[in-house]
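Single-letter residue listing:
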Amino acid sequence: MQFGIFTVGDVTTDPTTGHTPSEHERIKNTVAIAKKAEEVGLDVVAFGQHHNPPFAASSPTTTMAYVAAQTERILLSTATTLITTTDPVRIAEDYAQLQHLADGRVDLMLGRGNTGPVYPWFGKDIRDGIALAVENYALLRTLWDTDVVNWEGKFRTPLQGFTSTPRPLDGVAPFVWHGSIRSPEIAEQAAYYGDGFFSNHIFWPASHTQQMVALYRRRFEHYGHGTADQAIVGLGGQVYMARNSQDAVREFRPYFDVAPVYGHGPSLEDFMEQTPLTVGSPQQVIERTLGFRDYVGDYQRQLFLVDHAGLPLATVLKQLDMLGEEVVPVLRREFEALRAPGVSDAPTHASLLAARQTAPVAAESEAVAV
Amino acid sequence: MTRSIAVVSAGLSNPSSTRLLADQLATAVDVALRSHGDAADIHVVELRELAHPLADHLLTGFASGALAEAIETVRAADGLIVVTPVFAASYSGLFKMFFEVLEKDLLRGKPVLLAATAGTARHSLVLEHALRPLFSYLRAVTVPTAVFAATEDFGGTGSTEFTSRIATAAGELADLVIGAPRAVLADPFADVTPFDQLLKG
């Protein structure tokens, strides 16, 4: 099982000091956080993509390449790559290029983005969100899997004799996760392709996650990719830790109370009960996280959000120390012991390459998708 | 046959004249259903108790605890009685908040009896100018007779007329509830659109 963090890249004022990081500071902090994640033994770090303030994260592959150059082992992913408003041709190119630079330490998670005004800035309409995700991903797959593409669709100019370059590393496209909070169509899409499904799982009741994962697993089996319990599932999580739980609550409350998304709403205690947010000791985080398995089954990837709401860098790095030293080693061991036989790890470049080398060679052909 | 009737009352005081009217309407609907050999299973949703979860929902986007239960009560109901006090020439903010957080189509086709209370009869057309358009927008089926209660209706000289108006409205709701097919809501997680259809656009 893979453990890691996902970062949104929000520039938020620290409510306890009034300090607002500059974009430069936030971007550099994000890199420091990613490097620390590798240092403490995490497996994955995932970066956001946003095109509006207060975010400083419009170009995830730039950040990922920079981090890849300064790390050895950690897998770089996204949370999420906007499949609706980003030209699929650019996604195909950017992530293939990144694969080469990072020697395959790359996968990505596709999401739609829920900010209406962003869509028209890229010539799109949020009301087409699902249709964009469906068509753009179908094209993205084709661009990666087929050398010469003739294509025509609804949302971009047609392609004639187009080859997306560079070709994916070793002819193996990056593994794709599809992220969605409540849209059954996206769980269906992930299942259809046999891709991974990632449930954000933060800020929302666990029931959303449970419904979506159950649907994805059922349809994964329906489409013949394996049994339902073999489907590739990832979950988010949100934690804040201190040695003892009272300190964790006391330290996090000022950030919680005014945080973007849920601030000025329910109490910290209510929100912890209503959503997977865990503010407490490392032991509490371990117990809560192990409990996720009770309603989604064995899963392959757990990402934690630890750096939002204006938490200063030093605090985030301390959180990562605890995560790496005290939480993840236990989770790794416990989840492994619980895991049912036949359930595999999340695909990586190495495993996809090995699978490709043992599989019968598919005929090279031109795909014509309409 | 027992018909599930949800009563949504937005009164703020306790006891409130809004709740008083809601109870009278519920009793009248039960009587009307019984005259058809049916009975009412009445579930009261007091919005005052849900004020905080409703405000939370506006900020977080999801229903928690008692609010989630209230929404399920309304979803499962065969018919609805809704009663609001009139504030600033319309339904109360609390009343509107509840109907704002219901997911799309939850009220589609559901029979609804509209009612309101105010200190003066001058507000009575709020039912037609504010409540009925709201429930039309939500695709509910409103009964033709809406019930308005001003202070004087609770014991004034016109109270016989008021009582008969309650009976008329209740009878209309009972007829609709009996005539309407039982609500079957599609479950988007059970009846997912197959992907080849999504691919075709």
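Bear in mind the structure is a predicted one, so any value in this text is a computation, not a measurement. (Residues numbered from 1 in each chain as written. Chains lettered and ligands numbered in written order. Predicted model: local features only at pLDDT ≥ 70, side-chain atom pairs only at ≥ 80, totals over all residues.)

Caption draft 1: Focus on unusual backbone geometry. With an omega of 10 degrees, the peptide bond between A:Pro53 and A:Pro54 qualifies as cis. For the bond from B:Asn14 to B:Pro15, the omega torsion is 0 degrees, close enough to zero to count as cis. Phi at A:Asp103 is positive, roughly 50 degrees, even though this residue is not glycine. As for its placement among the helices and strands, A:Asp103 is situated in the loop between α3 (88–101) and β5 (108–111). Positioned with a positive phi, A:Phe203 is a non-glycine residue whose angle comes to about 70 degrees. By the secondary structure assignment, A:Phe203 is in the loop between β9 (196–199) and α7 (206–222). (Helix = DSSP H or I, 4+ residues; strand = E, 2+ residues; numbered from the N terminus.)

Caption draft 2: Up close: the pairing of strand β3 (residues 75–78) of chain A. All names here are of chain A. Every second residue of β3 is oriented toward a common face, with Leu75 and Ser77 on one face and Leu76 and Thr78 on the other, all of them buried. Two elements, strand β2 (residues 44–47) and β3, share four bridges in a ladder whose sense is parallel. The partner of Val45 across the bridge, within β3, is Leu76. Regarding topology, helix α2 (residues 60–69) serves as the crossover connection from β2 to the parallel β3, and that connection is right-handed. (Buried ≥ 20, exposed ≤ 12 C-beta atoms within 10 Å, placed from the backbone. Pairing = 2+ DSSP bridges. Right-handed = clockwise from strand over helix to strand, strands pointing away.)

Caption draft 3: Molecular detail of the nonpolar core. With 101 residues, the main nonpolar core has A:Val45, A:Leu76 and A:Tyr216 as its most contacted residues. The dominant element in this core, judged by the number of residues it contributes, is helix α5 (residues 129–145) of chain A, at nine residues. Setting aside its immediate chain neighbours within four residues, A:Val45 contacts A:Gly4, A:Ile5, A:Ala34, A:Ala37, A:Ile74 and A:Leu76. By size, the runner-up hydrophobic cluster in this structure holds 59 residues, among which are B:Leu131, B:Phe135, B:Ala140 and B:Leu176. (Core = buried A, V, L, I, M, F, W, Y, C linked by C-beta atoms within 7 Å. Contact = placed C-beta atoms within 7 Å.)

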